[in-house]
Amino acid sequence: MSFKIAIGLSTRKAIPEAAQEAALKCVSQLPAPGDASLALVFSTPDFASAGLLKSIRQALKSNIPIIGCSAVNLITSEGIQKEGVIIALLSLANTKISCGLIETDKNKDPLSGAQELGTGLASHLKGQRRQFCLLFNDGLSENTSGLIKGLQSVLGVSFPFIGGGSSDNLKFRQTYQYYDQRVLTKGTVCALLAGKLNFGLGIKHGWRPLGKTRVISESSGNIIKKIDGQNACYLYEDYFAKTIKELKKELPRISILYPIGVHLKGESEYLLRNIISLNDDGSITTQGDVPQGSSIRLMIATKESCLEAARQAALQVQVNLRDKKAEFALVISSASRAYLLGRQAHSEIKIIREILGRETPLFGFYSYGEYAPLGSINYYGQTYLHNQTIAILGIAQE
Amino acid sequence: MPNQEYIFAILGIATTSTIILLSFAFMVKTRRIKQLNLNIFNLRKSLEEMDEQAKLIVRTDLELNKTHEELDKRINCLFALQRISYDLSRTLDQKEIFLRLSPERVQEIGFSKAIIFENDAAPGALKHQIGFSEEELSLIKNEFSRKNILRIIKEANRAVSSIPGEGAENNETAKTILNITKLDSFVIAPILKKDGFYGLLLLGNASRETPLTEGDEELASILSTQIGQALDNAELFERAYSQHQELEKKVIERTRELSDALGEIQIINKRKSDFVSAVSHELRTPLTSIKGYASILLSEKLGVLPAEIKERLGKINKHSDELTHMINDMLDIARIESGKFLMKLEPLDLRQITESVIDLLGPQLKEKSINIQTHLPPELPLVLADKIQIQRVLINLMGNAIKFVSPNTGQLRISSLESADTIQVDISDNGIGMSEHDTSRIFDEFYRVDNTINQKVKGTGLGLTLVKNIILAHQGKIWVESRLNQGSTFSFSLPRTK
């Protein structure tokens, strides 16, 4: 067995007790806890504190790197946890791990900051075969493209990243990232894995295009200025027959349910872009970049298409693992999906378990934005920021 | 130059035909272009139409999603409300009722802040709050009382919320409350108890993320009704409980008073017994002398007496005997009552004792030719009693029976009744009996039934009192059943040997 994993959840109210309970659950599952090489920690926002990480460190009794983030809800094999902390202790015998962070996106050009981080990560793993990079950053950040570009410029354009934006309790105010014993608020944390590892990725959203194709006639970075020569906001005003003021009132709902879909040649699904804000000058701010000249559509989904996407993503993982059984799966699902699915949100987890097998442990969180590579040849497996998407990372024995 | 002409002719024909051909081709092309243009126009039209349909779909879908969201929220709220109701119904303590409305539960029904005010004389008596700071609370308290919010809610008699509705007055109130509480949205419902307006329940949110709906007004009303009912129940319980406590206290008090009185009575009774026994002793000594002297005189040892003196002396002697008898009885009663009387308890065969007493009373029975029947079984279980005292009881009761039956027709019947712990003996006669008034007092000291026989035969009125005291001293019971001219039955019971 080349790797082992232990997952521990606690829903205790007091932070130190919760941290200890979750950590001890992990330790008790591993035959040699000392061999663990990485701890992933996800917690609901109320638990985000240095005390949480300190207590976990104490209970683990080892100096292995800890990375993770805050999330609106947690994902476990049993279903959705609305409160608590979940720890995954990974013991990867044939794999080397290098961790790094960017503390804040202030005072620094995101691109150069990311390049620095990428260089740091790679320098520890020279001569090793790099496999993939886990990436968690502030889900409220608008500078994700610079971050991805910077990392790709060092690690390779086609190098796979998987991760998500940390989330809060749908207030969109502040999210937290965890690195060892530190809690960041506008940071990025990474773990680069190198060595022998059999992993498979699956990524889908289930949103479908609706209405005419339109073209981005003017944009810069993550701000869409004009669509088909008109103010970008007009797209939503026209479709919903509402004024900007009315739209703003319903923005979270409209943004979650009807994102903009960017057509990608050769990809079966459109790349989704959530609206962060409708601006007074008629432009739209999105979470990720939308290049000028892109063909876009308004997107719509149903609960069924959403759940079907989860099924497809899980099937992709299986195909990519070349039909080896996944020993565990990290599930990063968009907070938007939980919102759309409402009371049926747990069905998503159920479907994944049905495909990957009921004994495969799942863990993960609901994110603001997901990072995963695109599959088709046209994009050379390049990683993008996605919205409303479910990204699954499965790891199997070699 | 015919050749040249030919050439021109041919060229002309060729040119003409080319032109004809070209113009024909051009005509065909133009028609095709027109057709294509029409097709493009049609396609564009359908695309535009489809886009219009897409707009309709999106708008409908948005409405549908909103409805669904609202529905989901309602279902979750109802579950939460049901949990709150359950929690509320399980407490009968006023303070606890408010505490059951925990921040978690309030969150579940979609609110982050809550206040409960009681309509008290004090400016806004705060009963419970969630999510407000001390400063905010004191401001809200003051402003609510200054703006008479409680009175407004009381008069409205229904939920008031920040949802813009008809009626400028309502909107004005809502604006005032929003200003005071610094909330983004709120709903207030009056809390009503059986005896009227109790106060108000305010639920609110400070952020815009959870807009209020009409359903929230209903929700708040249901919750406030639940709180009202819980308060009623708690009050009812409190009242019932305090009444119960009061009653218990009274019972204890009365019991104490009674036992005090009983103690006093016992003390008085003992004093009486002590007095009687002291007096009796004092009386007995001179009486013995009187009787002695009378006896000496009657023996005529001091000289022969005239018949009249002898007769008088006989009376003195007889009355002295009666007096002695009476004093002895009184002494016995007093002794038993004061507990100085020591009984010699032993297993006794009531049948044997009864027969010996019948033997003893044989001459009197014979004198009046009384028919006596005893129905005591030979295997009658033994009782634990003092033999001499029980003999006294039987002599007394049978003596009475003999006294009050008519000669020749008189009948006496003695029977027994066994129970698990006692043996009961019934002594029945067919004598003159007595009235209900008499039966109720027959065991009292010095009580004598006023009838012709008693007028003739002297008695002390102490016999039955003594009998009663003896039986009670044995932990037994004694009673009588009798009707005038229809005989009497005296019954007593004694404990069986164990």
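Shown above is the structure to which this text applies.
Residues numbered from 1 in each chain as written. Chains lettered and ligands numbered in written order. Predicted model: local features only at pLDDT ≥ 70, side-chain atom pairs only at ≥ 80, totals over all residues.

A. Expanded view of the overall build of chain A. A tally of helices and strands in chain A yields 10 helices and 26 strands. Relative to its 398 residues, chain A shows a buried fraction of 54%. Restricting to contacts in chain A with at least 6 residues of sequence separation, those with at least 24 account for 81%. (Helix = DSSP H or I, 4+ residues; strand = E, 2+ residues; numbered from the N terminus. Buried ≥ 20, exposed ≤ 12 C-beta atoms within 10 Å, placed from the backbone. Contact = placed C-beta atoms within 7 Å.)

B. Expanded view of the overall build of chain B. The helix and strand inventory of chain B stands at 14 helices and 12 strands. Taken over 498 residues, chain B has a buried fraction of 25%. Taking contacts inside chain B between residues at least 6 apart in sequence as the whole, the part at least 24 apart equals 66%.

C. Examining the packing of helix H1 (residues 15–29) of chain A against helix H2 (residues 50–60) of chain A more closely. Residues and elements named next belong to chain A. Following both chains from N to C, one finds H1 and H2 inclined at 35°, their axes separated by 8 Å at the closest point. Note that H1 runs across H2; the crossing there is right-handed. For the pair formed by H1 and H2, the contact residues are Ile15, Pro16, Ala19, Gln20, Ala23, Leu24 and Val27 on the first element and Gly51, Leu52, Ser55, Ile56, Ala59 and Leu60 on the second. (Axes fitted to C-alpha atoms, helices over the stretch in contact; angles between N-to-C directions. Left-handed = near helix turned anticlockwise from the far one by under 90°.)

D. View of the nonpolar core. Judged by nonpolar contacts, the single largest core of 136 residues is most densely connected at Ile87, Cys133, Met299, Ala329, Ile352 and Ile392 of chain A. In this structure, Ile149, Ala174, Ala189 and Leu212 of chain B belong to the second largest nonpolar core, which totals 44 residues. (Core = buried A, V, L, I, M, F, W, Y, C linked by C-beta atoms within 7 Å.)

E. Representation of the pairing of strand E5 (residues 196–205) of chain B in the model. Residues and elements named next belong to chain B. Of all 10 residues that make up E5, eight are buried, and the element is covered over most of its length. Bridge analysis of strand E1 (residues 113–118) against E5 gives six bridges, and the strand direction is antiparallel. Bridge pairing links isoleucine 116 to leucine 201 in E5. Where strand E4 (residues 185–193) and E5 come together, nine bridges link them in antiparallel fashion. Opposite isoleucine 188, over in E5, you have leucine 202 as the bridge partner. Linking E4 to E5, which pair antiparallel, is a turn of two residues. (Pairing = 2+ DSSP bridges.)

F. Layout of helix H10 (residues 345–356) of chain A. All names here are of chain A. By the burial criterion, the buried members of H10 are Ala345, Glu348, Ile349, Ile352, Ile355 and Leu356. The arc that holds the buried residues of H10, viewed along the axis, is 125°, so those residues lie on one side. Within two residues after H10, glycine 357 carries a phi angle of roughly 110°, on the positive side. (Arc of directions from axis to C-beta.)

G. Structural detail: the sheet that holds strand E7 (residues 95–102) of chain A. All names here are of chain A. The six strands are arranged E7-E12-E8-E9-E24-E25 in an open sheet whose pairing can be described as mixed. Of all strands in the sheet, those bounded by a partner on one side alone are E7 and strand E25 (383–386). Averaged over all pairs of adjacent strands, the angle between strand axes in this sheet comes to 15°, irrespective of strand direction. As defined by bridge partners, strand E9 (residues 161–166) adjoins strand E24 (residues 370–373) across two bridges and the pair is classed as antiparallel. Along E24, the bridge assignment pairs glycine 163 with tyrosine 371. Relative to E7, helix H3 (residues 110–123) is tilted by about 155°, and along the sheet it contacts E7 and strand E12 (188–195).

H. Structural context of the packing of helix H7 (residues 214–298) of chain B against helix H8 (residues 307–338) of chain B. Residues and elements named next belong to chain B. H8 packs onto H7 with a crossing angle of 155° between their chain directions and a minimal axis gap of 8 Å. Relative to H8, the element H7 lies roughly antiparallel. Every pair of crossing elements has a handedness; the one defined by H7 and H8 is left-handed. (Parallel < 35°, antiparallel > 145°, perpendicular 65-115°, else oblique.)

I. Spatial organisation of the sheet that holds strand E1 (residues 3–10) of chain A. All names here are of chain A. Overall, mixed pairing links the six strands, which are arranged E1-E6-E2-E3-E10-E11 in an open sheet. In this open sheet, the two edge strands, each paired with only one partner strand, are E1 and strand E11 (182–184). Adjacent strand axes in the sheet meet at a mean angle of 15° when their direction is disregarded. Where H1 meets the sheet, its contacts fall on E1 and strand E6 (85–92), and the angle it forms with E1 comes to roughly 150°.

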